[in-house]
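# A look at the structure
Spelled out from the first residue to the last, the chains are:
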Amino acid sequence: GEVLFLTLNAVLYTAVVWIFSIINLMPYIDWQSDWGKAILTLAKTDVAQQINVTLFFDQKIINNYAPVEAMIKSVILFVLGLIFIGLVVFALNYFVKGNAGLIAAIIIIFMDIVIWNLFPLGWIKYSPASLMKLSVVTGIGKAPSYIYGLCVLGIGSLILAAVITLGVSMKKGLIMMDRRNQ
């Protein structure tokens, strides 16, 4: 039950963020099959810095994906990443107690920053928070592929879900057996 609840919350949170983003950007969105001149200009030149635009458009995404494809793949990675981090937090809080889950979540999130700034790019494949970014999972050079990101986050989540389900079942079974023996 807890794993399903966490998964549904990740999907719901992502859907709400996506919907409100679309609503806020609706006056500026032109539904086309290509990126549009403004985004291409911002991504491929330094115009954004010159006019103080704080939005960042990654050229790797624009070069490798159509807009709708990029959005769908980003949403999938984000949901899987939220599920993975949520399951790590839940598992550690359930089995270890204390603040272990919170500490693990902080480490996972800051690992992205630390690897980008202090380690070779090849290490990025070990950061779950980095694998949530479509701009990272390009498969170009030493960067991991989109499939790699899906597999790590998806299979990692399935393994965590199985461990949690098994652990909770065993713990509840032990409690039931203990009650029967009293």
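As the structure is a computational prediction, the values presented were derived from the model and not from experiment.

## Some remarks on the side chain of Asp112
Inspection of the secondary structure assignment puts Asp112 in helix H6 (residues 100-118). Residue Asp112 is classed as buried on the basis of its relative accessible area, which comes to 8%. Of the polar contacts made by the side chain of Asp112, one reaches the side chain of Lys133; its length is 2.7 Å. Ignoring any residue separated from it by four or fewer positions in sequence, one finds Asp112 in contact with Ile124, Ser127, Ala129, Ser130 and Lys133.

## Details of a nonpolar patch on the surface
A contiguous nonpolar surface patch, about 990 Å² in accessible area, is contributed by Leu102, Ile106, Ile109, Phe110, Ile113, Val114, Leu118, Phe119, Trp123 and Tyr126. Following the sequence through the fold, Trp123 ends up in the loop between H6 and helix H7 (128-131). Exposure remark for Trp123: the relative accessible area of 42% places this residue in the partly exposed category.

## Here's the deal with the environment of Leu77
Inspection of the secondary structure puts Leu77 in helix H5 (residues 67-95). Spatially, the C-alpha atom of Leu77 lies 24 Å from that of Ala100, the residues being 23 residues apart in sequence.

## Quick word on H6
Along an α-helix, residues three or four positions apart point the same way, because every turn accommodates 3.6 residues. If you look at H6, its biggest bend is around 30 degrees, right at Phe110. Every buried residue belonging to H6 is among Gly101, Ala104, Ala105, Ile108, Asp112 and Ile115, and all of these are buried. The secondary structure elements touched by the buried residues of H6 are H5 and H7.

## A look at the nonpolar core
By size, the foremost hydrophobic cluster in this structure holds 30 residues, and its most contacted members are Phe84, Leu87, Leu134 and Leu153. Among the elements of the structure, helix H1 (2-25), H5, H6, H7 and helix H8 (146-181) are those that each provide at least two residues to this core. Element by element, the count of residues in this core is highest for H5, at 11 residues. If sequence neighbours within four positions are ignored, Leu87 has contacts with Val3, Leu6, Ser157, Leu160, Ala161 and Ile164.

What counts, and at which threshold
Residues numbered from 1 in each chain as written. Predicted model: local features only at pLDDT ≥ 70, side-chain atom pairs only at ≥ 80, totals over all residues. Heavy atoms only, no water. Helix = DSSP H or I, 4+ residues; strand = E, 2+ residues; numbered from the N terminus. Buried < 20%, exposed > 50% of the residue type's maximum accessible area, 1.4 Å probe, protein only. Polar contact = N/O pair within 3.5 Å; in protein donor to acceptor, adjacent residues only side chain to side chain. Contact = heavy atoms within 4.5 Å. Patch = residues over 30% accessible without salt bridge, like charges linked within 9 Å, V, L, I, M, F, W, Y side chains within 5 Å. Areas by Shrake-Rupley, 256 points an atom, 1.4 Å probe, with all protein chains shown as cover. Salt bridge = Lys/Arg side-chain N within 4 Å of Asp/Glu carboxyl O. Bend = angle between axes of the 7 residues up to and from the residue. Core = buried A, V, L, I, M, F, W, Y, C linked by side-chain atoms within 4.5 Å.

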